[in-house]
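Inside the fold
What follows is each chain in one-letter form.
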Amino acid sequence: MASIAMNKPGATVLLMGNEAVARGAIEAGIGVAAAYPGSPTSEVLPTIASAAEEMNIHAEWSTNEKVATEVAAAASFAGIRSLGIMKQNGANVAADFIVNVNMTGIGEAGMVIFISDDPGGMTSNNEEDSRPLSKWLDNPLMEASSAQEAKEMVKWAYEVSEAVNLVVFVRGVTRLSYTRGNVILGELPEKKKKAYFPAIWDMYNPVKSKFTSGPFPVFHKPLHEKLEKARAIFETSIFNSYIGPDNPELLIITCGACTSYSTEAVETLNVGDRVGVLKLGTTWPLPEKFMGSYLTSTKKVFFVEEMDPFVERSVMELAASMLPETGNLVFYGKRSGHITPYNEQSTDLVIEALQDILGISYQQRDLTYEKEAGEAVKIVPHRPINMCAGCPHRATFWAIKNAIKLDGRNGFTCGDIGCYSMAFAAPGFFQARTMHAMGSGAGVANGFGNLKQFDFDQPVLAVTGDSTFFHAVLPALVNGVYNKSNFTLLILDNSATAMTGFQPHPGTGELVTGESAPVVDIEALCRAVGAEVRVCDPFDLEDTTQTLLKMMKKEAGARVIIMRHMCQLVKAKKKMPMKYTMHVDSEKCLGDSCGCDRLCTRIFGCPGLMWDSKAGKAAIDEAICVGCGLCADICPAGAIVREEVS
Amino acid sequence: MAIKTLSKEPFNLIVAGVGGQGNVLLSAFVGMALINEGFRVSVADTFGVSQRGGSVTSHIKISKEAPYSSVTLKGKADVILGMEPVETLRALGEFGNKQVISIVNPRPVYPSGGVAYPDLDEVKQAIVRLCAQTKFVNATEEALSMGNPIYTNVILLGALMGAQVLPIDKETMLPILEERFPGALFDINLKAFNKGMELIATA
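The structure presented is a predicted model; accordingly, all values stated were derived computationally and were not measured.

**Thoughts on the overall build of chain A**
Helix and strand counts for chain A stand at 23 helices and 24 strands. In terms of overall dimensions, chain A is globule-like: its C-alpha atoms have a radius of gyration of 28 Å, near the 26 Å expected for 646 residues. Counting only C-alpha atoms and orienting by the principal axes, one finds that chain A spans roughly 80 × 75 × 60 Å. In chain A, which comprises 646 residues, the share counted as buried stands at 54%.

**Section: helix 1 (residues 23-36) of chain B**
Residue and element names in this part refer to chain B. Taking 1.5 Å as the rise per residue, helix 1 with 14 residues should run 20 Å; its terminal C-alpha atoms sit 20 Å apart, in good agreement. By the criterion of burial, helix 1 is predominantly enclosed, with 12 of the 14 residues buried. What helix 1 keeps buried is the set N23, V24, L26, S27, A28, F29, V30, G31, M32, A33, L34 and I35. One or two positions beyond helix 1, positive phi appears at G38, with a value near 90 degrees.

**Observations concerning the interface of chain B and chain A**
Across the boundary between the two partners, chain B contributes 53 residues, which contact 51 residues of chain A. For the side of chain B that touches chain A, the secondary-structure elements that each account for two or more residues are helix 1, strand 2 (40-44), helix 2 (85-95), helix 3 (120-130) and helix 4 (139-145) of chain B. Here the side of chain B that touches chain A is composed, by residue class, of 27 nonpolar, 17 polar and nine charged. Here three bridges tie strand 8 (residues 179-184) of chain A to strand 2 of chain B, and the two strands are oriented antiparallel to one another. Paired with A:G181 across the two strands is B:S42, which belongs to strand 2 of chain B.

**Structural notes on the environment of A:M435**
Relative to the helices and strands, A:M435 resides in the loop between strand 16 (432-434) and helix 18 (440-448). For the pair A:M435 and A:A496, spaced 61 residues apart in the sequence, the C-alpha separation amounts to 20 Å.

**A few points about unusual backbone geometry**
All names here are of chain A. Of note, the amide linkage connecting S39 to P40 takes the cis form, showing an omega dihedral of 20 degrees. Along the polypeptide, P40 turns up in the loop between strand 2 (32-35) and helix 2 (44-49). The step from W284 to P285 runs through a cis peptide bond, and the omega angle for that step is -10 degrees. Here N270, not a glycine, exhibits a phi torsion of approximately 55 degrees, which is positive. Among the structural elements, N270 can be located in the loop between helix 11 (258-269) and strand 11 (275-280). One non-glycine residue with positive phi stands out, namely N410, at about 60 degrees.

**Some remarks on the packing of helix 11 of chain A against helix 15 (residues 347-358) of chain A**
Residue and element names in this part refer to chain A. Put simply, helix 11 and helix 15 touch, their axes get as near as 8 Å, and they point 55 degrees apart. For the element pair helix 11 / helix 15, the angle class is oblique. As helix 11 runs across helix 15, the sense of the crossing is right-handed. Listed contacts from helix 15 to Y261, S262, E264, A265, T268 and L269 of helix 11 are T347, V350, I351 and L354.

**Comments concerning the sheet that holds strand 6 (residues 133-136) of chain B**
Strand order in the open sheet formed by eight strands is 1(A)-8(A)-2(B)-3(B)-1(B)-4(B)-5(B)-6(B), with mixed pairing between adjacent strands. On the outer flanks of this sheet lie strand 1 (12-16) of chain A together with strand 6 of chain B, each paired with one strand and no other. Geometrically, the sheet is characterised by an average inter-axis angle of 20 degrees between neighbouring strands, direction not taken into account.

**A closer look at the nonpolar core**
Considering soluble globular proteins, one finds that nonpolar side chains tend to be buried as a cluster. All names here are of chain A. Core analysis: the largest hydrophobic core is formed by 173 residues, its most contacted members being A33 and I48. Both domains that furnish three or more residues to this core are identified here as domain 1 (12-235) and domain 2 (241-358). Ignoring sequence-local partners within four residues, the contact set of A33 consists of A25, L45, I48, I57, A59, S82, L83 and I85. Formed by 82 residues, the second largest nonpolar core is a distinct cluster that contains A389, V463, M551 and I620.

**Re the pairing of strand 23 (residues 617-620) of chain A**
Residues and elements named next belong to chain A. With burial as the criterion, each face of strand 23 is covered, one bearing K617 and A619 and the other bearing A618 and I620. Relative to strand 23, strand 22 (residues 609-612) runs antiparallel, the two sharing four bridges. By the bridge assignment, D612 is partnered in strand 23 with K617. Connecting strand 22 to the next strand, strand 23, in antiparallel fashion are four residues, including G616 with a positive phi near 70 degrees.

**Side note on the environment of B:P175**
Residue and element names in this part refer to chain B. Its location among the elements puts P175 in helix 6 (residues 170-180). Note on P175: 12 C-beta atoms within 10 Å, which makes it exposed. When the C-alpha positions of P175 and E94 are compared, they lie 34 Å apart, and in sequence the two are 81 residues distant.

**Description of the domain arrangement of chain A**
By domain assignment, chain A separates into domain 1 (12-235), domain 2 (241-358), domain 3 (392-573) and domain 4 (580-644). For domain 2 of chain A versus domain 3 of chain A, the separation of C-alpha centres amounts to 47 Å.

What counts, and where the lines are drawn
- Residues numbered from 1 in each chain as written.
- Chains lettered and ligands numbered in written order.
- Predicted model: local features only at pLDDT ≥ 70, side-chain atom pairs only at ≥ 80, totals over all residues.
- Helix = DSSP H or I, 4+ residues; strand = E, 2+ residues; numbered from the N terminus.
- Rg over C-alpha atoms; globule rule 2.2 N^0.38 Å.
- Buried ≥ 20, exposed ≤ 12 C-beta atoms within 10 Å, placed from the backbone.
- Expected span 1.5 Å × (residues − 1).
- Contact = placed C-beta atoms within 7 Å.
- Nonpolar A, V, L, I, M, F, W, Y, C, P; charged D, E, K, R; others polar.
- Pairing = 2+ DSSP bridges.
- Axes fitted to C-alpha atoms, helices over the stretch in contact; angles between N-to-C directions.
- Parallel < 35°, antiparallel > 145°, perpendicular 65-115°, else oblique.
- Left-handed = near helix turned anticlockwise from the far one by under 90°.
- Core = buried A, V, L, I, M, F, W, Y, C linked by C-beta atoms within 7 Å.
- Domains from an automatic or database assignment.

Structure follows, in structure tokens:
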């Protein structure tokens with residue numbers, strides 16, 4: 001579509017869930033949006049930023065989600081509606097601020113945080129359900145079930161936020177964020193009002209001073225009153241609905257992406273006369289009167305939701321208090337094992353569960369075909385994920401692997417979050433031996449690096465990307481220098497937040513809007529905290545390996561090697577020309593008689609290399625190779641040849 | 001002439017390929033054209049690390065009115081646009097049925113890490129066996145002869161429009177390509193699109 005701020009109310013356009021969230025926030029008249037890139041939410045902020053000038057919005061990539069939330073909160077304090085955007089992990093980072101801002105309340109303008117979770121871990125290394133955060137942070141939560149609803153819900157969330165003076169979470173999942181669907185556009189807002197932070201500080205009246213979160217006894221009781229107010233608003237929300245008979249044999253209670261899985265399953269099985277679907281859009285606090293009226297209409301309840309039994313537990317708690325009215329109810333869901341508390345759900349899985357609960361059977365396809373298809377796919381190989389052709393991380397981990405081997409003291413690497421997370425597997429030669437949260441590689445390395453008194457003598461490496469460095473590694477590096485921890489931090493500076501879609505960060509000299517920005521110099525920053533710093537181009541394998549060996553041998557505190565080489569996909573976006581054309585000299589490639597055991601395709605594993613099984617030799621796939629030239633340096637027979645492109 | 005009504009509700013198109021082949025853009029183009037023709041559509045792509053050379057599938061569910069979930073039910077594909085042979089077979093294994101129609105780019109994308117690729121003829125035969133109708137379109141080869149494998153997806157888009165299996169056609173698709181590819185980029189993409197239409201006519 002031409003512009004997310006297209007002024008055509010009523011027009012239908014194809015929008016991804018994330019774009020619909022952006023449009024909803026724009027229609028709600030936000031003035032500030034702040035985020036840290038995290039899939040499945042990475043597209044929301046750039047979509048808003050594309051209309052930043054037109055709609056007078058300040059959009060920023062903050063260094064992490066806590067900062068983003070604080071930026072958004074300040075706007076609300078000054079009377080400007082704001083949006084924070086983050087994935088489930090990011091919500092954890094922001095949580096420490098949110099628990100306090102919920103205590104004081106926000107400003108006069110609404111503040112919404114869009115959080116998208118990742119059932120199935122498609123873009124994450126965990127499958128956290130962020131919804132329980134709302135219970136312990138004490139703020140209202142809504143869950144959208146489609147792109148259109150996401151847009152409407154975000155708009156309404158601002159009204160709720162202002163009515164109860166709390167941050168409101170709108171929660172999606174990967175499938176919602178990344179499914180494109182029909183969205184009918186709404187009106188665009190009027191011009192924004194002036195930002196002003198009210199002078200209301202009064203040290204003798206904390207409620208009046210409100211933006212300082214203490215003393216907490218003054219705020220905690222009103223916070224729970226606000227939640228009750230939200231519950232009352234939710235009782236009549238249009239985002240809660242029911243389709244089905246008045247007294248269904250089975251009541252499905254569902255929310256978010258599972259809504260369409262439930263309705264489609266009921267339709268596919270043709271059981272609409274037996275089963276009702278109650279779709280809950282406002283999942284915390286629970287609208288108890290609304291829910292209660294349906295609990296008394298049935299004897300069997302089936303909860304269809306992804307990951308944690310969040311709604312399931314809330315409703316069962318409510319049901320326990322309603323026992324005299326409902327009589328005995330039978331519950332199906334996580335506890336009964338009909339829906340797993342892990343992985344993504346689907347219509348097929350709901351159909352399977354319904355067959356068991358209702359005692360019916362359903363055949364997906366012709367059995368002969370089923371058998372034939374099952375046989376045919378036996379030849380389909382697994383397709384492992386990989387780093388791209390020309391990826392500088394492949395060069396870095398090749399050098400790490402060799403340096404650790406040459407050093408000979410069982411050194412190892414602590415991994416982190418980014419494309420280079422793949423180093424725990426074959427694409428990075430299994431070099432990342434720990435991998436947890438953003439910044440945890442350097443943090444864990446700090447701990448290993450201070451075990452010398454227990455005769456620990458293994459060299460410790462940690463890796464981080466350039467964007468992750470700014471997000472959470474800087475405190476760990478300072479810690480390493482200060483506490484004299486013995487490790488080497490490798491900053492894989494590829495000039496982008498590559499994993500989530502090449503977003504700019506403080507080291508790239510660019511803002512989310514495309515405007516130029518001051519460059520925060522990673523090298524100078526590391527030197528300033530007192531770390532010794534070396535800079536390598538990982539494509540110079542010899543120099544990189546030698547530098548690694550030297551730095552690993554040091555006994556000093558935390559030191560840094562910056563592995564600087566631009567992400568190949570960023571190079572492609574910038575239309576940078578190919579450096580080399582590659583070919584395999586079939587005279588020199590000895591194939592399986594070489595003794596290298598297909599080092600190039602089996603171990604090095606660049607997708608631009610392939611094994612020509614007919615010729616029994618290596619070959620270059622010209623549709624994939626980007627001419628980085630690295631493989632010429634790893635072939636022991638010198639059979640891979642690079643020629644400079646003139 | 002494209003068909004104007006859906007033969008079933010919902011109508012399921014699957015685009016199967018390998019991360020980096022351009023399935024996301026192709027699927028978005030199809031979705032936009034369908035919306036412009038008044039259909040209700042849902043386009044669900046594979047995201048995340050699979051984009052880095054993994055197996056990717058886009059599910060395009062088309063209906064007149066009703067909202068459906070984004071992923072195709074098992075065994076319910078109506079058309080499979082296979083950007084890669086093994087990925088086409090993988091999709092057939094899960095979503096195929098006796099009536100399914102496939103349009104397939106027969107150029108393999110080899111898996112990395114020393115994973116062996118099965119015999120291509122065997123893969124193609126299995127595809128033909130599992131489909132009511134199969135058409136092979138040498139999209140990658142044509143794109144390479146045009147100077148860049150990046151045109152593969154637009155060639156396949158042309159083939160899909162030429163196959164007349166969806167309620168959209170060249171007329172509905174061209175304005176969308178024109179908006180996405182301004183100026184000289186449009187000319188070369190139009191050439192790729194027309195090539196796809198030509199190839200499917202003789203496939």
